[in-house]
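Now for the letters of each chain:
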Amino acid sequence: MIKNESLALIQSYINGWKQNNIQLIASCLSENCIVIESHGPTYHGIQDISTWFKLWTEAKSTISKWDIQSFTFCEQEQTAFCEWDFACRSNNTRYAFPGISILKFTNHKISFIHEYRMTAPAFDWDRAKLISE
């Protein structure tokens, strides 16, 4: 897999979630993929992801924004890193946050995704004190 191919696959996966299209999502993933969401849930394989998707749609969830901000690909490791800005509504609650995903590829499919998100807005630190809340 090369950089442009991996970016196109990631964008297709994101588009599948934006369109609430499980066929598109699943077409991007290897059968035994692992997806770790930024708040902890871990899904093993397309069957788990299909169940997750069913619950997602039952909660009337929609994504209003999932934009890739930066993208890096390591061909030797078949690994990509992408920063993104995300917003959705699920169970009548709105969520919005920036984050990053680490993605690994096997046989031209996504085989692993680990998402991380910022839990507070970025800010310039006060040089006079340590802030570690």
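That block above? That's the structure.
## Things to note about the packing of aromatic side chains
According to the stated counting rule, one finds 12 aromatic pairs in the structure shown. With a centroid separation of 6.3 Å and an interplanar angle of 70 degrees, the aromatic rings of Tyr-13 and Trp-66 are classed as edge-to-face. Of the two residues, Tyr-13 sits in helix H1 (residues 3-18) while Trp-66 sits in strand S3 (residues 62-74), which places them 53 residues apart along the sequence. A centroid spacing of 5.3 Å and a plane angle of 35 degrees characterise the contact between Phe-86 and Phe-97, whose relative ring orientation is tilted. Here the residue Phe-86 occupies a position in strand S4 (residues 79-90), and Phe-97 occupies one in strand S5 (residues 93-106), the gap between them amounting to 11 residues. With relative accessibility at 13%, the residue Phe-97 sits in the buried group. Taken together, Tyr-13, Trp-17, Tyr-43, Trp-52, Phe-53, Trp-56, Trp-66, Trp-84, Phe-86 and Phe-97 form an aromatic cluster joined through their ring pairs. Directly above the ring of Phe-112 sits Lys-104, whose terminal nitrogen or CZ lies 5.4 Å from the centroid.

## What to know about the nonpolar core
Counting residues in hydrophobic clusters, the biggest one holds 32 residues, and the most contacted among them are Ile-10, Tyr-13, Trp-17, Leu-29, Ile-49, Phe-105 and Ile-110. Elements represented by at least two residues in this core include exactly H1, helix H2 (22-27), strand S1 (29-36), helix H3 (45-58), S3, S4, S5 and strand S6 (109-117). Excluding residues that lie within four positions of it along the chain, Ile-49 makes contacts with Ile-22, Ile-25, Leu-29, Cys-33, Val-35 and Tyr-43.

## Side note on a nonpolar patch on the surface
Together, Phe-81, Ile-100 and Tyr-116 make up a nonpolar patch on the protein surface, roughly 240 Å² of accessible area in all. Residue placement: Phe-81 occurs in strand S4. Classification of Phe-81 by relative accessible area gives partly exposed; the value is 33%.

## Points about unusual backbone geometry
Even without glycine at this site, Gln-78 takes up a positive phi of about 50 degrees. On the secondary structure map, Gln-78 appears in the loop between S3 and S4. Under the relative-accessibility criterion, Gln-78 is labelled buried at 19%. The phi dihedral of Asn-107 falls on the positive side, at around 50 degrees, and the residue is not glycine. Its location among the elements puts Asn-107 in the loop between S5 and S6.

## Overview of the pairing of S1
Strand residues, when the strand is regular, have side chains that alternate between the two faces of the sheet. Direction of pairing for S1 relative to S6: parallel, over a ladder of four bridges. Directly across from Ile-34, in S6, lies its bridge partner Phe-112. Pairing of S1 with strand S2 (residues 42-44) involves three bridges; the strand directions are antiparallel. Paired with Val-35 across the two strands is Tyr-43, which belongs to S2. From the end of S1 to the start of S2, which pair antiparallel, there are five residues, and Gly-40 there has a positive phi angle of about 120 degrees.

Here is what the cut-offs are and how they apply
- Every chain is numbered on its own, with residues counted from 1 as its sequence reads.
- For this predicted model, a pLDDT threshold of at least 70 governs which residues receive local features, and a threshold of 80 or more governs which side-chain atom pairs are given and counted, while totals over whole chains, interfaces and linings are taken from all residues.
- Hydrogens are left out, water is left out, and the side-chain values use all remaining heavy atoms of the structure.
- Aromatic rings from Phe, Tyr and Trp, with only the six-membered ring used for Trp, were paired whenever their centres fell within 6.5 Å, and each pair was classed as stacked if the ring planes differed by under 30 degrees, edge-to-face if by over 60, and tilted otherwise.
- Comment: elements are numbered from the N terminus, with helices defined as DSSP H or I runs of at least four residues and strands as E runs of at least two.
- Summary of the burial criterion: residues with accessible area below 20% of their type's maximum are buried, those above 50% are exposed, and those between are partly exposed, where the area comes from a 1.4 Å probe applied to protein chains only.
- Any Lys NZ or Arg CZ found within 6 Å of a ring centre and within 35 degrees of that ring's normal is scored as a charge over the ring.
- Residues belong to a common nonpolar core when they are buried Ala, Val, Leu, Ile, Met, Phe, Trp, Tyr or Cys residues joined through side-chain atoms within 4.5 Å.
- The contact criterion used throughout is that any non-hydrogen atoms of two residues lie within 4.5 Å.
- Residues enter a patch when their relative accessible area is above 30% and they make no salt bridge; the linking distance is 9 Å between like charges and 5 Å between nonpolar side chains (Val, Leu, Ile, Met, Phe, Trp, Tyr).
- For the area figures, the Shrake-Rupley method with a 1.4 Å probe applies, and any residue is considered shielded solely by the protein chains shown.
- A pair is scored as a salt bridge if a Lys or Arg side-chain nitrogen falls within 4 Å of a carboxyl oxygen belonging to Asp or Glu.
- By the convention used here, strands pair only if DSSP detects at least 2 bridges between them.

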